[in-house]
Amino acid sequence: MKTNKILLIIPAYNEAAGIADVIRKVEEYRQSCHYDLDYVVINDGSTDNEEEVLQENNINHIELVYNLGIGGAVQTGYKYALNEGYDIAVQFDGDGQHDINSLNKLIDPIIENQADFTVGSRFVSDSDSTFKSSGARQLGIKILSNLIRILTGVNIKDVTSGYRAGNRKIIQQFVDRYPSQYPEPESYMYLIANKSRIKEIGVKMFERETGKSSISLINSISYMVNVSLSILIASLIDKEEF
C-alpha cells in the first residue's frame, strides 16, 4: 500500500518564543503516525530572533526576506509542497493553537477520497475543543459564515480556521491563486467555484501560546468590513471565471 506524503505548512511571524516547542510536538507525533509526515516552517520576514532559533534547532524552514503576510507565507508553503511532490498539504499554525493529535481526523477524509479539502473546526458537533475564541470573534465568524452560505449555498462554520488540508488538486489551485489579505474566508469562494469537495471536521484547538494575533480588538470591525467586501468581490469574479 502506498504511503501518503503529508506536508505541514507552518507559517510563523515573530514566533521565536514558541516555534521550537511546536516542532517538538510535531516530531513526537511523527514517531507514531502511519503516514510519511514532513513539515516546513515559513519564516515570514520575522523581526525577532526566530531565524536564529530555527537554525540552532535544525528546523526545516524557508526564510522570506520580506514579510509577505499570511497569504504569501502559506502560498510559499504550497509551492514547496508542489515542487516536492506531496500528496496532501496541511496548514498548521506556528503559535501553538492547533492540536497535532487532531491531524489524522483532518486528513483521513482526503486519504479516503471523501473530500478534496478539509477544514478543522471548533464549531461542529464532533469537535472536542473547549477553546472557541472570544464572544466578539465568534460573532464575526458567524457573520462571515452566513455571508458565504448566502452567496454559495455551502455552510462552513469555522471560516477563519487556519487548520486546513488539501489534496494535490488543491495544492495546484493554491499555487496558481491564493488570496493575500484574508486567505481563509476568501479562499472558499475560489474552492467552491472550482467545485472542490469541502468537508468540515471537528478538531481540538488551544488559545495561542505565544505571539500576538494579527486581528486585534481595535481593528476587528475594520477586518469584518474588509473581509466581507473581499468575499463579495471574489464571488463576482469567480462567477465570471467559472
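Located above this text is the structure these notes cover.
Below or above, wherever it landed, is the structure these notes cover. (Residues numbered from 1 in each chain as written. Predicted model: local features only at pLDDT ≥ 70, side-chain atom pairs only at ≥ 80, totals over all residues. Heavy atoms only, no water.)

**Quick word on the nonpolar core**
For the record, the criterion: Residues belong to one nonpolar core when they are buried, are Ala, Val, Leu, Ile, Met, Phe, Trp, Tyr or Cys, and are joined through side-chain atoms within 4.5 Å. The rule is simple: take the accessible area with a 1.4 Å probe, protein chains only, and divide by the maximum for that residue type; under 20% is buried, over 50% is exposed, in between is partly exposed. Secondary structure follows DSSP: runs of H or I at least 4 residues long count as helices, runs of E at least 2 residues long count as strands, and numbering of each begins at the N terminus. Whether two residues touch is decided by their heavy atoms; if any such pair falls within 4.5 Å, the residues are in contact.
Core analysis: the biggest nonpolar cluster contains 33 residues, and Tyr-78, Phe-117, Ile-148, Val-159, Phe-174, Tyr-188 and Ile-231 have the highest contact counts within it. Among the elements of the structure, strand S1 (5-12), strand S2 (36-44), helix H3 (69-83), strand S5 (117-121), helix H5 (135-152), helix H6 (168-176), helix H7 (183-193) and helix H8 (220-241) are those that each provide at least two residues to this core. Not counting residues up to four positions away in its chain, the partners in contact with Ile-148 are Gly-153, Val-154, Val-159, Pro-185, Tyr-188, Met-189, Ile-192 and Ile-231. Formed by 31 residues, the second largest nonpolar core is a distinct cluster that contains Ala-16, Ile-19, Ile-107 and Ile-201.

**Section: the packing of H3 against H6**
The criterion, for reference: Fitting a line to C-alpha atoms yields each axis, with helices limited to the stretch in contact; the angle taken between N-to-C directions then spans 0 to 180 degrees. Geometric relationships in this document are graded by angle, where less than 35 degrees denotes roughly parallel, more than 145 denotes roughly antiparallel, 65 to 115 denotes roughly perpendicular, and other angles denote oblique. Working rule for handedness: look at the near helix, and if it is turned counterclockwise from the far one by less than a right angle, call the crossing left-handed; if clockwise, right-handed. The classification used treats Ala, Val, Leu, Ile, Met, Phe, Trp, Tyr, Cys and Pro as nonpolar, Asp, Glu, Lys and Arg as charged, and all other residues, Gly among them, as polar.
Relative to each other, H3 and H6 sit at 130°, their axes nearing to 9 Å. In terms of axis orientation, H3 runs oblique to H6. Here H3 and H6 pass one another in a crossing that is left-handed. Where H3 approaches H6, its residues Gln-75, Tyr-78, Lys-79, Ala-81 and Leu-82 are matched on the opposing element by Ile-171, Gln-172, Phe-174, Val-175 and Asp-176. Looking at the contact of H3 with H6 residue by residue, the classes come out as six nonpolar, two polar and two charged.

**A few points about the pairing of strand S4 (residues 88-91)**
Put simply, the test is: Whether two strands pair comes down to DSSP finding at least two bridges between them.
What you see with S4 is no split at all: Ile-88 and Val-90 on one side and Ala-89 and Gln-91 on the other are buried throughout. Judged from the three bridges that link them, S4 and strand S6 (residues 164-166) form a sheet pairing that is antiparallel. Within S6, the position partnered with Gln-91 by the bridge is Arg-164.

That is the geometry; function is a separate question.
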